[in-house]
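In case you want the letters, here they are:
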Amino acid sequence: MSKRIFVLLVLLMSMSLIGIIFVQAYYIKDSVKNEKERFEFNVKKALSYVSNAIEDNELDTYFEKYQKLISDKDVDSVSVSQLFIYQQNNNTKETLIYKSGVLEENYKLSSSLFDIGIDSSNIKSIIGSSNLEVYKNDDISNKDLKKSPIVNIINSGRLLDAERNYFEKTFKAYTKTLPVYQRVTKEQISSLLSKKLKEDKIDLNFEFAIYGNDLATKVHSDGFEKNLESTYNVPIFYDENNQSNYKLWVSFPDDNKFILSSIIGMIFLSVIFTSIIILAYSSALYQLVKQRKISQIKTDFINNMTHEFKTPIATINLALDAIKNPKIIDDKEKVICYLNMIKEENKRMHAQVENVLRISKLEKNELNISKDRVKLHDLINDAITHVELIVEDRKGHIKTFLEAEKSSVLANETHFTNVIVNILDNAIKYSPQAPEIEVYTENVGTNILLKIKDHGSGMSKAAQKRVFEKFYREHTGNIHNVKGHGLGLAYVKRIVDDHQGHVKVESEKDKGSTFTIKLPLIT
């Protein structure tokens, strides 16, 4: 897969994932908004119900008193209104006569009804009557109405609706001067509001208050706080002009929890599934990137391995060609020299193959590593012996500062010696000038630290993070000035880990590197 297609796929997948997340977020936000609007609608509906119920109860109470008072009260004045309609229908040959009358009896009632500090109140009792008669035209040709009509409908009685309307207007004009705490109690509001809210499935603690002209009144619950963003209100106690100076407010301390509780299951599932998608996508992307890196590393490994095998093979071929030369085949010393050369190059290729196989066995846990009590200082000195000729050949030196008083560790002598040799070999290879290597040991608690420091080319921060990965070598273009194929330090880490130790590197470009190994001591 080309880099351009890979980047395009990652970009498209990322955009799709971001789109899914935004859609989920929008859907959740919209659901919360709808639930909040539904909650507000039900709350305002409950408040309107309470407001109307309180006004109706107040009016009913006083209207009943009014009904009882006027039954035994003398009429102060009377007024009569009458309506007369006479209509002839030539098609049906019928005549309709309609009579209607309204009797208004006016009473003056004392202040005992309203208890609002006035001397008296004017109240009306309204009595209505109506009579509908239908005659045949020939029966009343001479306006003689003595004969019985074909239809005769008579209604009479008190007009309670008209009385109530008149009473309500007068009542509201008087009661608007009363203090609100004399008109309603906290218990009434709490009972009505609780009942109505529960009918709408809002079982939630609430606080309420009545404000008049934006000022608090005595009618309020103990914990009410006016906050325009989280409280709801409706007008209450309208006057005769359908105006109101009072508002009934209610607040819910836990309204957000209640709103979210209805959709928390959907939000939870949405978050879970989105998280799974993100996790799966991240894992897939990580694997894609990892596989791409592995592919690149393997390509580099094959190139490096080919380069490293190419030189020994060419050397062996040249040596064989030389031996076949009749002039040389009889020269015993030269033949032995060329045979030693072939042997050394063969050992070099064999060592490279063994290194690859060793890493493979480590990964499959097939490499049997037995451990014994050994002195780490002895292993260090042994490892230095393996490389000191190479260092001397390059006019360099290895200085030791073995200051650890205790150096007994549980280790495999062969493998751990190889670990130290690999790090020393790494320091030699990446020292462009004469290698200057320093080896330190020190005791820290129950551990021993081994530090191998060089003054070579060092490495970048990115390389430090990946230097212990299998096949990894810092990218230097198509330059093979340093032999190797990225297996030595991977082997170092696997062996150190198997010894319950820890290895790390600190490096700075062009200033060298320091490898530190920490191992537990044994007593």
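Our subject in this report is the structure included herewith. (Residues numbered from 1 in each chain as written. Predicted model: local features only at pLDDT ≥ 70, side-chain atom pairs only at ≥ 80, totals over all residues. Heavy atoms only, no water.)

1. Re the nonpolar core
Here's step 1: Core analysis: the biggest nonpolar cluster contains 40 residues, and Leu376, Phe416, Ile420, Leu424 and Ile517 have the highest contact counts within it.
Here's step 2: Every element with two or more residues in this core is listed here: α8 (376-393), β11 (408-411), α9 (413-429), β12 (436-444), β13 (447-454), α11 (488-498), β14 (502-508) and β15 (512-520).
Here's step 3: Residue contributions to this core peak at eight residues, all from α9.
Here's step 4: Leaving out residues up to four positions away in the same chain, phenylalanine 416 has contacts with Leu376, Leu379, Ala411, Ile495, Val496, His499, Ile517 and Leu519.
Here's step 5: Core analysis: the next-biggest nonpolar cluster, separate from the first, contains 28 residues, Val184, Phe206, Val219 and Leu248 among them. (Core = buried A, V, L, I, M, F, W, Y, C linked by side-chain atoms within 4.5 Å. Buried < 20%, exposed > 50% of the residue type's maximum accessible area, 1.4 Å probe, protein only. Helix = DSSP H or I, 4+ residues; strand = E, 2+ residues; numbered from the N terminus. Contact = heavy atoms within 4.5 Å.)

2. Thoughts on the sheet that holds β12
Here's step 1: Here we have five strands laid out as an open sheet, ordered β10-β12-β13-β15-β14, and mixed in their pairing. Taken across any chain shown, the strands that pair with only one partner, and hence form the sheet edges, are β10 (397-402) and β14. Neighbour-to-neighbour, the strand axes of the sheet open up by a mean angle of 15°, direction not taken into account.
Here's step 2: Judged from the seven bridges that link them, β14 and β15 form a sheet pairing that is antiparallel. In the strand pairing of β15, lysine 504 is matched with threonine 516.
Here's step 3: Running at roughly 170° to β10, α8 makes contact with β10, β12, β13 and β15 of the sheet.
Here's step 4: In the packing of α9 onto the sheet, contacts are made with β12, β13 and β15, and the angle to β15 comes to roughly 170°. (Pairing = 2+ DSSP bridges. Axes fitted to C-alpha atoms, helices over the stretch in contact; angles between N-to-C directions.)

3. Some words on helix α3 (residues 186-199)
Here's step 1: In this model α3 runs 20 Å from its N-terminal to its C-terminal C-alpha over 14 residues, within 8% of the 20 Å that 1.5 Å per residue would give.
Here's step 2: Once α3 ends, the next one or two residues include lysine 201, with phi positive near 60°. (Expected span 1.5 Å × (residues − 1).)

4. Overview of α11
Here's step 1: The set of residues buried in α11 consists of Leu489, Ala490, Tyr491, Val492, Ile495 and Val496.
Here's step 2: Backbone geometry just downstream of α11 places glutamine 500 in the positive-phi region, at approximately 55°.

5. Side note on the sheet that holds strand β8 (residues 246-251)
Here's step 1: Across the sheet, four strands lie side by side as β6-β5-β8-β7; this open sheet has antiparallel pairing. The open sheet has two edge strands with one neighbour each: β6 (215-220) and β7 (231-236). Here the strands of the sheet are splayed against their neighbours by 30° on average, with no regard to which way each runs.
Here's step 2: Both strand β5 (residues 207-212) and β6 contribute to a ladder of three bridges, which runs antiparallel. Bridge assignment links glycine 212 to a residue of β6, and that residue is leucine 215.
Here's step 3: Against the sheet, α3 engages β5, β6 and β8, with an angle of about 125° to β5.

6. With respect to unusual backbone geometry
Here's step 1: Unlike most non-glycine residues, aspartate 214 shows phi in positive territory, near 65°.
Here's step 2: Examined against the element boundaries, aspartate 214 turns out to sit in the loop between β5 and β6.
Here's step 3: Take aspartate 214: its relative accessible area is 59%, and that puts it in the exposed class.
Here's step 4: Of note in this structure, aspartate 510 is not a glycine but carries a positive phi near 65°.

7. Description of a nonpolar patch on the surface
Here's step 1: Taken together, the side chains of Phe268, Leu269, Ile272, Phe273 and Ile276 present a nonpolar region at the surface, about 510 Å² in accessible area.
Here's step 2: Mapped onto the secondary structure, leucine 269 falls in helix α5 (residues 264-324).
Here's step 3: Judged by relative accessible area, leucine 269 falls into the partly exposed class, the value being 44%. (Patch = residues over 30% accessible without salt bridge, like charges linked within 9 Å, V, L, I, M, F, W, Y side chains within 5 Å. Areas by Shrake-Rupley, 256 points an atom, 1.4 Å probe, with all protein chains shown as cover. Salt bridge = Lys/Arg side-chain N within 4 Å of Asp/Glu carboxyl O.)

8. Considerations on a negative patch on the surface
Here's step 1: A surface patch of like charges, here negative, comprises Asp372, Asp378, Asp382 and Glu413.
Here's step 2: Structurally, aspartate 382 is set in helix α8.
Here's step 3: For aspartate 382, a relative accessible area of 30% gives the class partly exposed. (Lys, Arg positive; Asp, Glu negative; His and termini not counted. Charge placed at Lys NZ, Arg CZ, Asp CG, Glu CD.)

9. What about the packing of α8 against α9?
Here's step 1: In contact at an axis separation of 9 Å, α8 and α9 are set at 40° when each is read in the N-to-C sense. Relative to α9, the element α8 is oriented oblique. When you trace α8 past α9, the crossing you get is right-handed. Of α9, the residues touching α8 (which contributes Leu376, Leu379, Ile380, Asp382, Ala383, Ile384, His386, Val387, Ile390 and Val391) are Glu413, Phe416, Thr417, Ile420, Val421, Leu424 and Ile428. (Parallel < 35°, antiparallel > 145°, perpendicular 65-115°, else oblique. Left-handed = near helix turned anticlockwise from the far one by under 90°.)

10. Comments concerning the packing of aromatic side chains
Here's step 1: All chains considered together, the criterion is met by ten aromatic pairs.
Here's step 2: For the ring pair phenylalanine 206 and phenylalanine 208, a centre distance of 6.4 Å and an interplane angle of 45° mean the geometry is tilted. With respect to burial, phenylalanine 206 and phenylalanine 208 carry one shared label: buried.
Here's step 3: Every member of this aromatic cluster is reached through a ring pair, and the members are Phe39, Phe206, Phe208, Tyr232 and Phe252.
Here's step 4: Its guanidinium or amino end placed over the ring of tyrosine 49, lysine 196 lies 5.1 Å from that ring's centre, counting from NZ or CZ.
Here's step 5: If you follow lysine 218 out to its NZ or CZ, it ends over the ring of tyrosine 181, 4.6 Å from the centre. (Phe/Tyr/Trp six-rings, centres within 6.5 Å; stacked < 30°, edge-to-face > 60°. Lys NZ or Arg CZ within 6 Å of the ring centre and 35° of its normal.)

11. A closer look at the packing of α9 against α11
Here's step 1: Interhelical geometry of α9 versus α11 gives an angle of 145° and a closest axis separation of 9 Å. The crossing of α9 and α11 is left-handed. Here α9 contributes His415, Phe416, Asn418, Val419, Asn422, Ile423 and Asn426 to the contact with α11, which in turn contributes Gly488, Leu489, Tyr491, Val492, Ile495 and Val496.
Here's step 2: Broken down by class, the residue content of the contact of α9 with α11 amounts to eight nonpolar, five polar and no charged. (Nonpolar A, V, L, I, M, F, W, Y, C, P; charged D, E, K, R; others polar.)

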